Amino acid sequence: MEQTLAIIKPDGVSAGYIGEIIKRIENEGFKIIAMKMEHLDDRKAEGFYYVHKQKPFFSSLLEYMTSGSIVIMVLQGQNMVEKWRKLMGTTNPDDADKGTIRGDMGTDIERNVVHGSDSKDNAVYEINYFFKGNEIF
């Protein structure tokens, strides 16, 4: 079984989309094996998004991701990275298909409601960044 990290970002939490997103996850047959709510501080957000440190949008991304609470989940299933990315939709909600989370709920390329690991290797790193082994069931 493959695992991936899923995050409901601050815009998704503040808009009241937590229940709808979890419903969509469960309707797809994905298993949620860990979940928690957190408010990232600057240090934790910088550590998570370190790969974007040299990009022009880094400061804006940190400001956004520390602006409110997030819901962090570990999803498990067959081909989980690929399936979660398909359910999320493309990064830019303007280009995302209707029926995807970003296509239905996203506002713009930054405020796009959800995050998902982009590879199996990154999924392992991202899951370990937020969860200890005994927090995953």
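Values in this document were obtained by computation on a predicted structure and should not be read as measured data.

## Things to note about the sheet that holds strand S4 (residues 114–116)
Read across the open sheet, the 4 strands follow the order S2-S3-S1-S4; overall the sheet is antiparallel. Looking along the sheet, the strands with just one partner apiece sit at the ends: strand S2 (31–38) and S4. The mean angle between the axes of side-by-side strands here comes to 20°, regardless of whether they run parallel or antiparallel. In the packing of helix H2 (residues 18–27) onto the sheet, contacts are made with strand S1 (2–8), S2, strand S3 (70–77) and S4, and the angle to S2 comes to roughly 165°. Packed on one face of the sheet, helix H5 (residues 80–88) meets S1, S3 and S4 and runs near 30° to S1.

## What about the pattern of salt bridges?
A side chain of one charge can pair with a side chain of the opposite charge when the charged atoms of the two come close. This model, assessed by the stated rule, comprises 6 salt bridges. The closest approach of N and O atoms between Glu 20 and Arg 24, which form a salt bridge, is 2.9 Å. Here Glu 20 and its partner Arg 24 are both found in helix H2, 4 residues apart, which amounts to about one turn of the helix. For Glu 20, a relative accessible area of 31% translates into the label partly exposed. As a salt-bridge pair, Arg 111 and Glu 110 come within 3.2 Å of each other at their nearest N and O atoms.

## What to know about the layout of surface pockets
By rolling a water-sized probe across the atoms, one finds the places where empty space is left. Put simply, the largest pocket is a space of about 610 Å³. What lines the largest pocket is a set of 23 residues, and nearest its centre among them are Tyr 49, His 52, Phe 57, Leu 61 and His 115. Looking at the lining of the largest pocket, the elements that each hand over two or more residues are H5, S4 and helix H7 (120–130). Residues that form the lining of the largest pocket fall into these classes: 10 nonpolar, 7 polar and 6 charged.

Conventions used here
Residues numbered from 1 in each chain as written. Predicted model: local features only at pLDDT ≥ 70, side-chain atom pairs only at ≥ 80, totals over all residues. Heavy atoms only, no water. Pairing = 2+ DSSP bridges. Helix = DSSP H or I, 4+ residues; strand = E, 2+ residues; numbered from the N terminus. Axes fitted to C-alpha atoms, helices over the stretch in contact; angles between N-to-C directions. Contact = heavy atoms within 4.5 Å. Salt bridge = Lys/Arg side-chain N within 4 Å of Asp/Glu carboxyl O. Buried < 20%, exposed > 50% of the residue type's maximum accessible area, 1.4 Å probe, protein only. 1 Å grid on protein atoms, 1.4 Å probe; cavity = no way out; pocket = protein on both sides within 12 Å on 5 of 7 lines; lining within 4 Å. Points joined across faces, edges and corners; volume = space filled by probe spheres on them. Nonpolar A, V, L, I, M, F, W, Y, C, P; charged D, E, K, R; others polar.

Interpretation in functional terms is not warranted from these geometric data alone.
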